[in-house]
Amino acid sequence: MKSDKKRRIRNEIVMLFLLLADIFLTPDAITCGFAQDILLLSVATEIPMPRTNKISFYQFEATDFDMEFKKSLLLSATKFIDIPQISTVMNELKFLQGVLMILHPREASQQILWGPVHWKEIQTTTLTILPLIIPISIKDFASSDSGKKLIGLSYHFLNQRDCESVLLYMKALSAVHKANDLASLEYLLKIDAMQFLKDIIKKQLDLITQTPKAQSIILHALLLMNYLVIHPRYDLEMEGKALLSLLISILNTFSSSADGTYANTCLLISAVNLIRECLLKSDTSKKFFTEIGGIFNILDLMKGAPLLVKTICLSILAHLSLNRDCVMHMLEWRGGQCLLALQPPHQDMSPCKTLEKSRTKSQETWLLPMLMQIWRQEEESLQVLRTSGGVITDFRAPLMGKDQRIWMNSEQKQLEDSFSFAEINTSARSKIYCIISLLKYHSENRTNPFNAPFKSYVDAISRKDQVTLKLVENYQYLKTGEMWLEEMLKSHNERFRPSTIDLICERNIKWTKCVNKDQELLTLKGTNTELKTEETAYKCIRNAHLAPEYESVRELQFQARTSNAYTLKKAKDAQREEILESLKFPQDSINHRTYPARAKPTVIAPSKTLHENLDPLNKKIKFNVCSSKVEKNCHECHK
């Protein structure tokens, strides 16, 4: 009983240290040896120490008190990670090796008969602190073969489908990149960590609908793969195809979820960023990515992805737009249906015919409308000043958002800073401008593979998208004017400011007004077209609504015509007058004559005038004067 009381007091002291460590812990904890004692005591049974050390005589027992004490000591070790000298201390004590021995008790020098429940809790606590310990003890990571041990244990729990343990091991393994140490990443490549990560992702894709932890496992695997791919020793030419195929399967899995159940922005960012790194490093990967339809997967993902994911996808498309074949794939995309794949290769696939075939489809699934929609989406997030139709309202700074305007008016900006220049790197609008410029270049080139100019694609989109396209086409000039405006505002004293800056800013304002004028003309045309469409639709609706009344009126008129004698007589008289009027000879005709009784024969008088004596009732024709030739023709006609 006395022993249990001491253990309880001991545990409470350690817990008190955990609560107060963030307040009073200083580098003196290493100088006085307190940190060393805590670290050694937490792995006392795993690391062999000389018998002169008092801690070496300490032995844990398989009890609840000792289990809590062991867990508190391991958590206490993480309180020293903010001290700069702790990295050297941990490497000298081989603390990382002791922590890994806790995970694998068979390798421990002094095994403890922990029960399965106790060992499971200690293992969970150890895996929790391991992502914090590995970046500090990164020098001991490769020398102690820690990566191989973690991979082996991960395979063990992966075969048992213990996703919770696999997730903890993946967090520990992915923490290697936080140290920014090329030697540790090279060590992971030597032990074939890339193949391990691929196996992890393949098995978790099968369990994606069964457990929510599968997404987190894939995320940490992709985070580590991003750092391994950019390592100089990684051979992307040999392994790029298999890696891209795996990434495409990830995009297909998350793009096929229309209800958003798989919405994990960090995972999508990691996957798309890994694709970008592969395409930037290898031309072979770029060609293979186009052949397997990767462009269509990227475009399908952009339809419902967050704006940050769309921005990375746009950077991929901007890089691929340098290739003419890739541009052709982009223009033929229609929302998941590859027209190039559906159409036989011997048939004509010119864009004009393609546009005619796909006009009935939703324009949101075309490339140009989707790019214009992303442009407007980013401007809404930045709170750029625009009208409801997307027309420019601020001629001085047409591209600036709310945060940039606040920065421009603040006194904290430095002379060497440029918000506009920094915004280009992270903006989706700059990438959209790059894509549109390359599309225009390839379509206007002499060796144009599309058989149609870029204007044919522009005419097929809506007026609202055409208004936005005017902004895209003038993005370079508007952005340049924005940078000169920054320079003008930085020069507070007008006396020492060059007059050239003022002239350039005035010229950019005139340019912006011209763009505004073009946008207003497009808006006016679109408004007139919409009014005509609305009038036609209104007439159709009105006729459909009044169809029964029109039918009743026609029925009444028919009955009136067929039942009333006065109406019938009046109709007959009107018909008789029309017949008599049609039989009258034209007064202005002299040399041309048509017989009323016979429609086809015609007589042309050569020199003399024909005098007509027409009797409509008897239908007899008499000629007073006639030449011999006319007389002959008349006798032949009467026959």
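Our structure is the block above this text.
Residues numbered from 1 in each chain as written. Predicted model: local features only at pLDDT ≥ 70, side-chain atom pairs only at ≥ 80, totals over all residues. Heavy atoms only, no water.

A. Structural context of the overall build of the protein chain. A count of helical and extended segments in the protein chain gives 32 helices and 4 strands. Burial analysis of the protein chain (639 residues in total) assigns 44% to the buried set. The contacts of the protein chain with a sequence gap of at least 6 include a subset with a gap of at least 24, amounting to 72%. When the accessible surface of the protein chain is totalled, it reaches about 35900 Å², and 55% of it is carbon and sulfur. (Helix = DSSP H or I, 4+ residues; strand = E, 2+ residues; numbered from the N terminus. Buried < 20%, exposed > 50% of the residue type's maximum accessible area, 1.4 Å probe, protein only. Contact = heavy atoms within 4.5 Å. Areas by Shrake-Rupley, 256 points an atom, 1.4 Å probe, with all protein chains shown as cover.)

B. Main features of the packing of aromatic side chains. Enumeration according to the criterion identifies 6 aromatic pairs in this entry. A ring pair is formed by Tyr155 and Phe196, whose centres lie 5.1 Å apart and whose planes are at 75 degrees; its orientation type is edge-to-face. Of this pair, Tyr155 sits in helix 9 (residues 146–159) while Phe196 sits in helix 12 (residues 193–206), and the two are 41 residues apart along the sequence. We classify Tyr155 as partly exposed; its relative accessible area is 28%. (Phe/Tyr/Trp six-rings, centres within 6.5 Å; stacked < 30°, edge-to-face > 60°.)

C. Examining the nonpolar core more closely. The biggest cluster of nonpolar side chains holds 138 residues, and the ones touching the most others in it are Ile86, Leu130, Phe141, Leu222, Ile250 and Ile436. Counting residues per element, this core draws most heavily on helix 13 (residues 213–229), at 10 residues. Look past the residues within four positions of Leu130 in its chain and what remains in contact with it is Leu96, Val99, Leu100, Leu103, Leu150 and Ala172. If you look at the next biggest cluster of nonpolar residues, it comprises 8 residues, including Ala397, Trp407, Leu485 and Ile501. (Core = buried A, V, L, I, M, F, W, Y, C linked by side-chain atoms within 4.5 Å.)

D. Summary view of the pattern of salt bridges. According to the stated counting rule, one finds 15 salt bridges in the structure shown. For Glu378, the salt bridge identified is with Arg429, shortest N-O distance 3.4 Å. With Glu378 in helix 22 (residues 367–382) and Arg429 in helix 25 (residues 428–444), the pair connects residues that are 51 residues apart, well separated along the chain. The same class applies to Glu378 as to Arg429, namely buried. Glu482 is the partner of Lys479 in a salt bridge, and the nearest nitrogen-oxygen pair spans 3.0 Å. Remark: Glu482 and Lys479 occur in helix 28 (residues 475–490); sequence separation between them is 3 residues, near one turn of the helix. Lys479 sits in the buried class, given a relative accessible area of 3%. One network of salt bridges, in which partners are shared, links Glu378, Glu379, Arg386, Glu423, Arg429, Lys479 and Glu482. (Salt bridge = Lys/Arg side-chain N within 4 Å of Asp/Glu carboxyl O.)

E. Geometry of the environment of Arg233. Within the secondary structure, Arg233 is located in the loop between helix 13 and helix 14 (236–255). Judged by relative accessible area, which is 60%, Arg233 ranks as exposed. Each C-alpha atom of the pair Arg233 and Lys190 lies 9.6 Å from the other, and the pair is 43 residues apart in sequence. Setting aside chain neighbours within four positions, we find Arg233 in contact with Glu186 and Leu189. Engagement of the side chain of Arg233 in a polar contact is seen with the side chain of Glu186, the distance being 2.8 Å. (Polar contact = N/O pair within 3.5 Å; in protein donor to acceptor, adjacent residues only side chain to side chain.)

F. Spatial organisation of helix 7 (residues 116–133). Along its 18 residues, helix 7 runs 25 Å from first to last C-alpha, staying within 8% of the 26 Å computed at 1.5 Å per residue. For helix 7, every residue scored as buried is listed here: His118, Ile122, Gln123, Thr125, Thr126, Leu127, Ile129, Leu130, Pro131 and Ile133. (Expected span 1.5 Å × (residues − 1).)

G. Quick peek at the packing of helix 17 (residues 294–302) against helix 19 (residues 324–331). In the contact formed by helix 17 and helix 19, the axes pass within 10 Å of each other and the chain directions differ by 45 degrees. Considering their axes alone, helix 17 and helix 19 lie oblique with respect to each other. The crossing of helix 17 and helix 19 is right-handed. Mapping the contact onto sequence places Ile295, Phe296 and Leu299 in helix 17 and Cys326, His329 and Met330 in helix 19. Of the residues contributing to the contact of helix 17 with helix 19, the split by class is 5 nonpolar, 1 polar and no charged. (Axes fitted to C-alpha atoms, helices over the stretch in contact; angles between N-to-C directions. Parallel < 35°, antiparallel > 145°, perpendicular 65-115°, else oblique. Left-handed = near helix turned anticlockwise from the far one by under 90°. Nonpolar A, V, L, I, M, F, W, Y, C, P; charged D, E, K, R; others polar.)

H. A look at unusual backbone geometry. One non-glycine residue, Arg161, lies in the positive phi region at around 60 degrees. Tracing the chain through its elements places Arg161 in the loop between helix 9 and helix 10 (163–174). Given the relative accessible area of 61%, Arg161 is considered exposed. You will see that Asn180, though not glycine, has its phi angle at about 55 degrees, which is positive. Mapped onto the fold, Asn180 is located in the loop between helix 10 and helix 11 (182–190).

I. Highlighting the environment of Leu236. Along the polypeptide, Leu236 turns up in helix 14. Given a relative accessible area of 5%, Leu236 falls into the buried group. Spatially, the C-alpha atom of Leu236 lies 10.0 Å from that of Asp283, the residues being 47 residues apart in sequence. Residues in contact with Leu236, not counting those within four places in the same chain, are Glu277, Cys278, Lys281, Ser282 and Ser285.

J. Spotlight on a negative patch on the surface. A surface patch of like charges, here negative, comprises Asp192, Asp235, Glu237 and Glu239. As for its position among the elements, Glu237 is in helix 14. (Patch = residues over 30% accessible without salt bridge, like charges linked within 9 Å, V, L, I, M, F, W, Y side chains within 5 Å. Lys, Arg positive; Asp, Glu negative; His and termini not counted. Charge placed at Lys NZ, Arg CZ, Asp CG, Glu CD.)

K. Structural context of helix 5 (residues 86–93). Buried residues of helix 5: Ile86, Val89 and Met90, and no others. Each buried residue of helix 5 sits inside an arc of 95 degrees when the element is viewed along its axis, so together they form one side. The inward-facing, buried residues of helix 5 abut helix 2 (28–31), helix 3 (34–42), helix 4 (64–77), helix 6 (95–103) and helix 7. Note on helix 5: the residue one or two positions beyond its end, Lys94, has a positive phi of about 55 degrees. (Arc of directions from axis to C-beta.)

L. Molecular detail of the packing of helix 6 against helix 7. Following both chains from N to C, one finds helix 6 and helix 7 inclined at 145 degrees, their axes separated by 9 Å at the closest point. Crossing of helix 6 over helix 7 shows left-handed handedness. Contacts from Phe95, Leu96, Val99, Leu100, Ile102 and Leu103 of helix 6 reach helix 7 at Trp119, Ile122, Gln123, Thr126, Leu127, Leu130 and Ile133. Tallied by class, residues from the contact of helix 6 with helix 7 come to 11 nonpolar, 2 polar and no charged.

M. Geometry of the side chain of Glu277. Take Glu277: it is sitting in helix 15 (residues 265–281). In this structure Glu277 is buried but unpaired, with Arg276 as the nearest side chain of opposite charge at 4.6 Å. Once residues lying within four places of it in the same chain are set aside, the contact partners of Glu277 are Val229, Ile230 and Leu236.

N. Region of the structure containing the environment of Gln404. With respect to the helices and strands, Gln404 occurs in helix 23 (residues 402–409). The spatial distance from the C-alpha of Gln404 to the C-alpha of Ser420 is 8.0 Å, given a sequence separation of 16 residues. For Gln404, the residues in contact, after removing those within four places along its chain, are Phe419, Ser420, Glu482 and Glu486. At a separation of 2.8 Å, a polar atom in the side chain of Gln404 contacts the side chain of Glu482.

O. Up close: the side chain of Ser76. Note that Ser76 resides in helix 4. Relative accessible area serves as the criterion here: at 0%, Ser76 is assigned to the buried category. Beyond its immediate chain neighbours, meaning those up to four positions away, Ser76 contacts Val14, Phe17, Leu18 and Ile38.

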